[in-house]
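Take a look at the letters that make up each chain.
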Amino acid sequence: PSSPSDSAPFSVTARNASQAPALFAKAEASFKALRADARAQRQRENYTRVLDAYRRVFEKYPGTRQGELALLRAGELHTLLFRWTGLEGDLARAQNYYQRLVQTAPKSPLVDDALLAIAYLHLDHFKDPAQAWLRFGDVVRTARGEPVVQERGRGRPRRRGRPGRREQPLVEGERARDAELPGG
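Treat the numbers as computed from the prediction; the structure is a model and nothing was measured.

### Points about the packing of helix 2 (residues 20–36) against helix 3 (residues 44–60)
Put simply, helix 2 and helix 3 touch, their axes get as near as 9 Å, and they point 160° apart. Our classification of the angle between helix 2 and helix 3 gives roughly antiparallel. Note that helix 2 runs across helix 3; the crossing there is left-handed. Across the interface between the two elements, Leu23, Phe24, Ala27, Glu28, Ser30, Phe31 and Leu34 of helix 2 pack against Asn46, Tyr47, Arg49, Val50, Ala53, Tyr54, Arg56 and Val57 of helix 3. For the contact of helix 2 with helix 3, the class distribution of residues is ten nonpolar, two polar and three charged.

Here's what the structure looks like:
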């Protein structure tokens, strides 16, 4: 018979998961204080300190609601940091935290928030409306209960069927337009 100590080192037991809310509350208080202090927002080390508090939560309690919220907040934190630094690396890190939430907790009620944040990163900051459109579609699919299927290495949803073609055009004039399209 196996004992609780035989389990994986990263598993969260009910006893130690009860500490997650207190640790998350400390991180939240730090983030709230940072958002309220414009001078503190100008120093990267203040963001790092708050990020470390959230990191402790999602690394120590990955399967908990607080762990999921900590990933979402880490993304928000890097988006806020970008406003001061202008470094695209901060936006990429924000996207990575959001994507990590989507991948590690696909049934979380926070997944749609993470997908929406990713869509807005593409629209507002990366200036990529096509990618934003795809990501907004992910939000809709998730709201319908459909899984988001990712292509390997690109992070874009896969198209189903043959791209650029419809089974039957609605009117005769569309046939001529479809013939002009690549693959038509």
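### Topic: the pattern of salt bridges
Under the defined criterion, the tally for this structure stands at eight salt bridges. The residue Arg73 makes a salt bridge to Glu28 at a minimum N-O spacing of 2.9 Å. Of this pair, Arg73 sits in helix 4 (residues 65–85) while Glu28 sits in helix 2, and the two are 45 residues apart along the sequence. As a salt-bridge pair, Arg44 and Asp90 come within 2.6 Å of each other at their nearest N and O atoms. Of this pair, Arg44 sits in helix 3 while Asp90 sits in helix 5 (residues 88–104), and the two are 46 residues apart along the sequence. Residues joined in a network through salt bridges with shared partners are Glu28, Arg73 and Glu76.

### Points about the packing of aromatic side chains
This structure, assessed with the given rule, holds four aromatic pairs. Consider the rings of Phe24 and Tyr54, whose centres lie 6.0 Å apart with planes at 55°: the pair is tilted. Residue Phe24 is located in helix 2, and its partner Tyr54 is located in helix 3; the two are separated by 30 residues in the primary sequence. This pair shows no difference in class: Phe24 is buried, exactly as Tyr54 is. Where Phe31 meets Tyr54, the ring centres are 5.9 Å apart and the plane angle is 85°; that geometry is what we call edge-to-face. With Phe31 in helix 2 and Tyr54 in helix 3, the pair connects residues that are 23 residues apart, well separated along the chain. For Phe31, a relative accessible area of 1% gives the class buried. Given a relative accessible area of 0%, Tyr54 falls into the buried group. One aromatic cluster is present, formed by Phe24, Phe31 and Tyr54 through successive ring pairs. Arg35 extends its terminal NZ or CZ atom over the ring of Phe31, reaching a point 4.1 Å from the ring centre.

What counts and how
Residues numbered from 1 in each chain as written. Predicted model: local features only at pLDDT ≥ 70, side-chain atom pairs only at ≥ 80, totals over all residues. Heavy atoms only, no water. Axes fitted to C-alpha atoms, helices over the stretch in contact; angles between N-to-C directions. Helix = DSSP H or I, 4+ residues; strand = E, 2+ residues; numbered from the N terminus. Parallel < 35°, antiparallel > 145°, perpendicular 65-115°, else oblique. Left-handed = near helix turned anticlockwise from the far one by under 90°. Contact = heavy atoms within 4.5 Å. Nonpolar A, V, L, I, M, F, W, Y, C, P; charged D, E, K, R; others polar. Salt bridge = Lys/Arg side-chain N within 4 Å of Asp/Glu carboxyl O. Phe/Tyr/Trp six-rings, centres within 6.5 Å; stacked < 30°, edge-to-face > 60°. Buried < 20%, exposed > 50% of the residue type's maximum accessible area, 1.4 Å probe, protein only. Lys NZ or Arg CZ within 6 Å of the ring centre and 35° of its normal.

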